[in-house]
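Take a look at the letters that make up each chain.
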Amino acid sequence: MEIIRSNFKINLHKVYQAIEEADFFAIDGEFSGISDGPSVTALTSGFDTPEERYQKLKKHSMDFLLFQFGLCTFKYDHIDSKHITKSFNFYVFPKPFSRSSPDVKFVCQSSSIDFLASQGFDFNKVFCSGIPYLNQEEERQLREQLDEKRAQANGAGAPTKCPVTIPEDQRKFIDQVIEKIEDFLQNEEKSLDLEPCTGFQRKLIYQTLSWKYPKGIHVETLETEKKERHIVISKVDEEERKRREQEKYAKEQEELNDAVGFSRVIHAIANSGKLVVGHNMLLDVMHTIHQFYCPLPADLNEFKEMTTCVFPRLLDTKLMASTQPFKDIINNTSLAELEKRLKETPFDPPKVESAEGFPSYDTASEQLHEAGYDAYITGLCFLSMANYLGSLLGPPKVCVSTRSKLIEPFFNKLFLMRVMDIPYLNLEGPDLQPKRDHVLHVTFPKEWKTSDLYQLFSAFGNIQISWIDDTSAFVSLSQPEQVQIAVNTSKYAESYRIQTYAEYVGRKREDKQVKRKWTEDSWKEVDRKQPNMPGPRSHTNSFTATGMIGKRNLSPDPGESGSEDRELEGISDSELEQIDSCADPLPEGRKKAKKLKRMKKELSLAGTVADGPAVLFEVPDTW
């Protein structure tokens, strides 16, 4: 089902109902680019640590815009032994709700836009009909602005008890307005339209009328077809004035709810606590949180905490397909090829059917790079692999539950693309730390190419090179005992330098500690120089009011091919009540860490998630 701005409100209850009924969801996104600086190869070094990968993606990918979000819900019909699906394809765009709304800046990558255009992507639907949205901080600020505006508006607060000070250059204007109102009050007209004027002049009018005419009139600002704002004055009694104020307030709240827009869908998914499935989904998750929840935190551990708070259970089908027992029987884990492979022996494709009123997808037509379709086949891939695990049991299990021990090892582990020895980012604990005692860190002149590195290490047999930037790279040797020999050869070299991976990490840690100490000492010096001020004082408070509203923002890389053809497809990848059970606002930030832990315990009630480890297989500690 295609959802755009014009049909979002009327269909939102269908989205909520699908989320409430579903056993699990599959998601996918399409974005305006991949990397705003380095190439994809540089952005994804083979020896990144999870922290380094997170920092790279946060720095170079978050200024892009998610403008299509795919959601497919799956519910198992036990009577007919089939899964009922409901697919949604949302076009989203941060259209400003009002003049005070965030005016979002985002970037586009020409190769990604060109690629999506070649796939028939309709950009007009994004920019002309995209569903608006606000993150939580933006919503909070706008609600505060509305409350403040209402308090200042006519009749919402106490009347002004003293005359307003009118600037000299505005006195004539205000006198003319008063004259018009006096004439209006003497005639039989019901309303008076004042000429369009500036925001400052409107404020003066409100304040003057609140003092001069505390009762008997209602003052409201309206907008003409030409977007010109003007004041309309009506004759009302006190009861009518209050009724109009309530209507105005209700309308403003409804408009603000409309501005929150697509974020309400993300809130509903998060509040359900159900399994969310994606393919190569790290960037999908990062962008979804960044764009619809709040800007990403600086620290990886805080990101993990935030992610499991928003999405208590995630599963990455690319990681699942890359792990035993699938690793030996699946050669290509890109989404399109994976979907094809899982239709063949030894796999048994799940029986699925679209719900009444929802369009069905034909996988033979391969509507790749439409987010709703990609979400749909991601869900199919998960079901095929989960049911294959069930077939290995005795007796075989036809349909594996989303809370089964069989898939428990994959929960909250997100695939790390092109990292040689760390297969996943672990959202629920420490990440793997391989020894890397066979890895060298090499620095060299900017003019060097890959061939120069191969020539430098020609005496050491097979090597693997992973570029870091223009002047450094990691080189992995086949034998760890060769490492010290290679380091010794560079002692007297002038143009390059070789150090062990352990030395490289140690130096980075030292540099970081020195930088932190320098920063702390600098602040101590600032505090020492601060003049003594009476009364309590906190130096930190003056520096912690950092704005939460950040830029919001990936799309497949058309340059990738072969077995990694869609490594980044995870990237590419009427009225309603103001408050309802599906659209409660998400818990805010780090204050909810304790609530997160309680949530995880609640999810394991009734034995649905076993406490012990899965006995069939485990995600390996090393790749």
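Please read these numbers as outputs of a predicted model, since none were measured by experiment. (Residues numbered from 1 in each chain as written. Predicted model: local features only at pLDDT ≥ 70, side-chain atom pairs only at ≥ 80, totals over all residues. Heavy atoms only, no water.)

J.: Please clarify how the nonpolar core should be interpreted in this entry.
T.: Where a protein is soluble and globular, its nonpolar side chains tend to be buried together. By size, the foremost hydrophobic cluster in this structure holds 70 residues, and its most contacted members are Leu71, Phe90, Phe262 and Phe303. The residues contacting Phe303, other than those within four sequence positions of it, are Tyr54, Leu282, Val285, Met286, Ile289, Leu296, Pro297, Leu425 and Leu427. Judged by nonpolar contacts, the second largest core, of 33 residues, contains Leu335, Phe382, Leu406 and Phe411. (Core = buried A, V, L, I, M, F, W, Y, C linked by side-chain atoms within 4.5 Å. Buried < 20%, exposed > 50% of the residue type's maximum accessible area, 1.4 Å probe, protein only. Contact = heavy atoms within 4.5 Å.)

J.: Could you clarify how one ought to interpret the layout of surface pockets in this entry?
T.: It is a probe the size of a water molecule, rolled over the atoms, that shows where empty space is left. Roughly 1,200 Å³ of internal volume is contained in the second largest pocket. Lining of the second largest pocket is provided by 32 residues; of these, Thr49, Glu51, Glu52, Lys508 and Lys512 occupy positions nearest its centre. Take the lining of the second largest pocket: its biggest share by element is 10 residues, from helix α18 (residues 501-529). (1 Å grid on protein atoms, 1.4 Å probe; cavity = no way out; pocket = protein on both sides within 12 Å on 5 of 7 lines; lining within 4 Å. Points joined across faces, edges and corners; volume = space filled by probe spheres on them. Helix = DSSP H or I, 4+ residues; strand = E, 2+ residues; numbered from the N terminus.)

J.: Looking at this model, I keep getting lost on the packing of aromatic side chains. Mind explaining?
T.: Any aromatic ring pair is given by two values, namely how distant the centres are and how the planes are angled relative to each other. Tallied over the full model, the rule gives 28 aromatic pairs. Here the basic side chain of Lys318 rests over the ring of Phe415, its NZ or CZ set 5.3 Å away from the ring centre. Taking NZ or CZ as reference, Lys413 lies 5.7 Å from the ring centre of Tyr424, over its face. (Phe/Tyr/Trp six-rings, centres within 6.5 Å; stacked < 30°, edge-to-face > 60°. Lys NZ or Arg CZ within 6 Å of the ring centre and 35° of its normal.)

J.: For this particular structure, what's the right way to read the packing of helix α7 (residues 171-186) against helix α8 (residues 199-212)?
T.: Across the interface, α7 lies against α8 with an axial gap of 11 Å and an inter-helix angle of 50°. It follows that α7 is oblique to α8 by the angle criterion. For the crossing formed where α7 meets α8, the hand is right-handed. Side by side, α7 and α8 meet where Phe173, Ile174, Val177, Ile178, Ile181 and Glu182 of the first sit next to Gln201, Leu204, Ile205, Thr208, Leu209 and Lys212 of the second. Along the lines of polarity and charge, the residues of the contact of α7 with α8 split into eight nonpolar, two polar and two charged. (Axes fitted to C-alpha atoms, helices over the stretch in contact; angles between N-to-C directions. Parallel < 35°, antiparallel > 145°, perpendicular 65-115°, else oblique. Left-handed = near helix turned anticlockwise from the far one by under 90°. Nonpolar A, V, L, I, M, F, W, Y, C, P; charged D, E, K, R; others polar.)

J.: Would you take a moment to explain a negative patch on the surface for this structure?
T.: On the surface, a cluster of negative charge is contributed by Asp175, Glu179, Glu182 and Asp183. Structurally, Glu179 is set in helix α7. (Patch = residues over 30% accessible without salt bridge, like charges linked within 9 Å, V, L, I, M, F, W, Y side chains within 5 Å. Areas by Shrake-Rupley, 256 points an atom, 1.4 Å probe, with all protein chains shown as cover. Salt bridge = Lys/Arg side-chain N within 4 Å of Asp/Glu carboxyl O. Lys, Arg positive; Asp, Glu negative; His and termini not counted. Charge placed at Lys NZ, Arg CZ, Asp CG, Glu CD.)

J.: Quick question: what am I supposed to make of the sheet that holds strand β7 (residues 229-235) here?
T.: Neighbouring strands of a sheet are bound in pairs by backbone hydrogen bonds; such pairs are parallel or else antiparallel. On the basis of which strands lie adjacent, the open sheet formed by three strands has the order β5-β7-β6 and antiparallel pairing. Strand pairing shows two members of the sheet lacking a second neighbour, β5 (191-193) and β6 (217-223), which therefore form its edges. Neighbouring strand axes in the sheet, compared pairwise and without regard to direction, differ in orientation by 20° on average. With seven bridges joining them, β6 and β7 adopt antiparallel strand pairing. Note on β7: the bridge partner recorded for His218 is Ser234. (Pairing = 2+ DSSP bridges.)

J.: Is there a simple way to explain the pattern of salt bridges in this structure?
T.: Opposite charge on two side chains makes pairing possible when the charged atoms of those side chains draw close. Enumeration according to the criterion identifies 21 salt bridges in this entry. Two residues, Lys304 and Asp431, come together in a salt bridge whose shortest N-O distance is 2.7 Å. A residue pair is termed long-range when its members are at least 10 positions apart, and Lys304 in helix α12 (residues 300-310) and Asp431 in the loop between β12 (424-426) and β13 (439-443) qualify at 127 residues. The same class applies to Lys304 and to Asp431, which are both buried. Note that Arg436 is salt-bridged to Asp421, the shortest N-O span being 2.8 Å. Here the residue Arg436 occupies a position in the loop between β12 and β13, and Asp421 occupies one in the loop between β11 (413-415) and β12, the gap between them amounting to 15 residues. What makes Asp421 buried here is its relative accessible area of 13%.

J.: Is there a simple way to explain the sheet that holds strand β15 (residues 472-477) in this structure?
T.: Sheet architecture is open: four strands sit in the order β14-β15-β13-β16, paired in antiparallel fashion. One side of each edge strand has no neighbouring strand; the edge strands of this open sheet are β14 (463-469) and β16 (497-500). Going from strand to strand, the sheet's axes swing by 25° on average, the running direction of each strand aside. Inspection of the sheet shows β13 paired to β16 by four bridges, in the antiparallel sense. Paired with Leu440 across the bridge in β16 is Thr500.

J.: What exactly am I supposed to notice about unusual backbone geometry here?
T.: Peptide bonds are, in most cases, trans, and in most cases residues other than glycine have a negative phi. With an omega of 5°, the peptide bond running from Gln324 to Pro325 counts as cis. Looking at the secondary structure, you find Pro325 in the loop between α13 (317-321) and α14 (335-341). Look at the link from Gly394 to Pro395: it is a cis peptide, with omega at -5°. With respect to the helices, strands and loops of the structure, Pro395 is situated in the loop between α15 (371-391) and β11. With a phi close to 60°, Arg418 is a non-glycine residue in the positive phi region. Looking at where Arg418 falls in the secondary structure, it is placed in the loop between β11 and β12. By relative accessible area, Arg418 is classed as partly exposed at 27%. We note that Arg436 has phi near 55°; this positive angle belongs to a residue other than glycine. You can call Arg436 buried: its relative accessible area is 4%.

J.: In this structure, what is going on with α8? I would like to understand it.
T.: Helical geometry note: an α-helix holds 3.6 residues per turn, so side chains three or four residues apart project in the same direction. Compared with an ideal rise of 1.5 Å per residue, which puts 14 residues at 20 Å, α8 spans 20 Å between its outermost C-alpha atoms and is within 8% of the ideal. Of all the positions in α8, only Gln201, Arg202, Leu204, Ile205, Tyr206, Thr208, Leu209 and Ser210 are classed as buried. (Expected span 1.5 Å × (residues − 1).)

J.: Can you walk me through the pairing of β14 in this structure?
T.: Judged from the six bridges that link them, β14 and β15 form a sheet pairing that is antiparallel. When the bridges of β15 are listed, Ile463 appears paired with Leu477. Adjacent in sequence and paired antiparallel, β14 and β15 are bridged by two residues.

J.: Help me understand the confidence of the model for the chain, please; the structure alone is not making it clear to me.
T.: The predicted structure's coordinates, where accompanied by low pLDDT, should not be read in detail. Across the chain, the average pLDDT comes to 80, with 79% of residues at 70 or higher. Overall, residues 154-158 carries pLDDT values under 50, and its contacts beyond four positions in sequence, including any with other chains, amount to 12 contacts. Low pLDDT, under 50, characterises residues 531-623; the predicted model gives this stretch 238 contacts beyond four residues in sequence or across chains. (pLDDT = per-residue confidence, 0-100.)

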